[in-house]
Amino acid sequence: MEQENAILALAALAQSTRLETFRLLVRHEPHGLPAGDIARALAVPHNTMSTHLNILARAGLVSSERRSRLIVYRADVSRLRDLTLFLVKDCCGGNADLCAPLVEELDPCRSKEKVT
């Protein structure tokens, strides 16, 4: 990921409604959610949600697909991965021991195994 793309993605997430929208969509992967359901879940007017979704889409963080009369939005998990890797690429000066806790926390399946 290039720095300009990372800045665009981080700027899109630097607003509470957009951050919550993205987190909601990540939780609903791989099926996504219709725009109206997102607006209702976050108690945001539909036209305002449309603006937020457009900003997230321009940043490459969400994609949309028309399904009949609905527009369903999905989080772009590969873009999230690219952003995360961009942020931690040079983590801990290459010292794997220092990075191990971070990598473990980023693995949601491994984290759930510990809890259960």
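Residues numbered from 1 in each chain as written. Predicted model: local features only at pLDDT ≥ 70, side-chain atom pairs only at ≥ 80, totals over all residues. Heavy atoms only, no water.

- Looking at an unreviewed UniProt entry, the protein chain carries the name Regulatory protein ArsR, with the source organism given as Sinorhizobium medicae.

## A closer look at unusual backbone geometry
The phi angle of most residues is negative, glycine excepted, and most peptide bonds adopt the trans form.
Next up, step 1: Cis geometry is adopted by the peptide bond preceding P30, which originates at E29 and carries an omega value of 5°.
Next up, step 2: Structurally, P30 can be placed in the loop between α2 (16-27) and β1 (33-34).
Next up, step 3: A positive phi angle, close to 60°, is found at S68, a residue other than glycine.
Next up, step 4: Locating S68 in the fold gives a position in the loop between β2 (62-67) and β3 (70-75). (Helix = DSSP H or I, 4+ residues; strand = E, 2+ residues; numbered from the N terminus.)

## Observations concerning the pairing of β3
Next up, step 1: The sheet contact formed by β1 and β3 spans two bridges and is antiparallel. In the sheet register, P34 faces β3, and the bridge partner there is V72.
Next up, step 2: Relative to β3, β2 runs antiparallel, the two sharing six bridges. For S63, the partnering residue across the bridge sits in β3 and is R74.
Next up, step 3: Counted between consecutive antiparallel strands, the loop separating β2 from β3 contains two residues, among which S68 sits at a positive phi close to 60°. (Pairing = 2+ DSSP bridges.)

## Let's talk about helix α1 (residues 3-13)
Next up, step 1: Within the sequence span of α1, burial applies to A6, A9, A12 and L13. Buried positions in α1, seen along its axis, are confined to an arc of 130° and lie on one side of it. With respect to the buried face of α1, the exposed residues turned more than 90 degrees away are Q3 and E4.
Next up, step 2: At its buried positions, α1 is contacted by α2, α4 (46-58) and α5 (77-88). (Buried < 20%, exposed > 50% of the residue type's maximum accessible area, 1.4 Å probe, protein only. Arc of directions from axis to C-beta. Contact = heavy atoms within 4.5 Å.)

## Points about the layout of surface pockets
Next up, step 1: The calculated volume of the second largest pocket comes to roughly 250 Å³.
Next up, step 2: For the second largest pocket, the full set of lining residues is L10, L13, L19, F22, R23, V26, R27, L80, L83, T84 and L87.
Next up, step 3: Those elements that place two or more of their residues in the lining of the second largest pocket are α1, α2 and α5.
Next up, step 4: With five residues, α2 is the single largest residue contributor to the lining of the second largest pocket.
Next up, step 5: Residue classes in the lining of the second largest pocket are distributed as eight nonpolar, one polar and two charged. (1 Å grid on protein atoms, 1.4 Å probe; cavity = no way out; pocket = protein on both sides within 12 Å on 5 of 7 lines; lining within 4 Å. Points joined across faces, edges and corners; volume = space filled by probe spheres on them. Nonpolar A, V, L, I, M, F, W, Y, C, P; charged D, E, K, R; others polar.)

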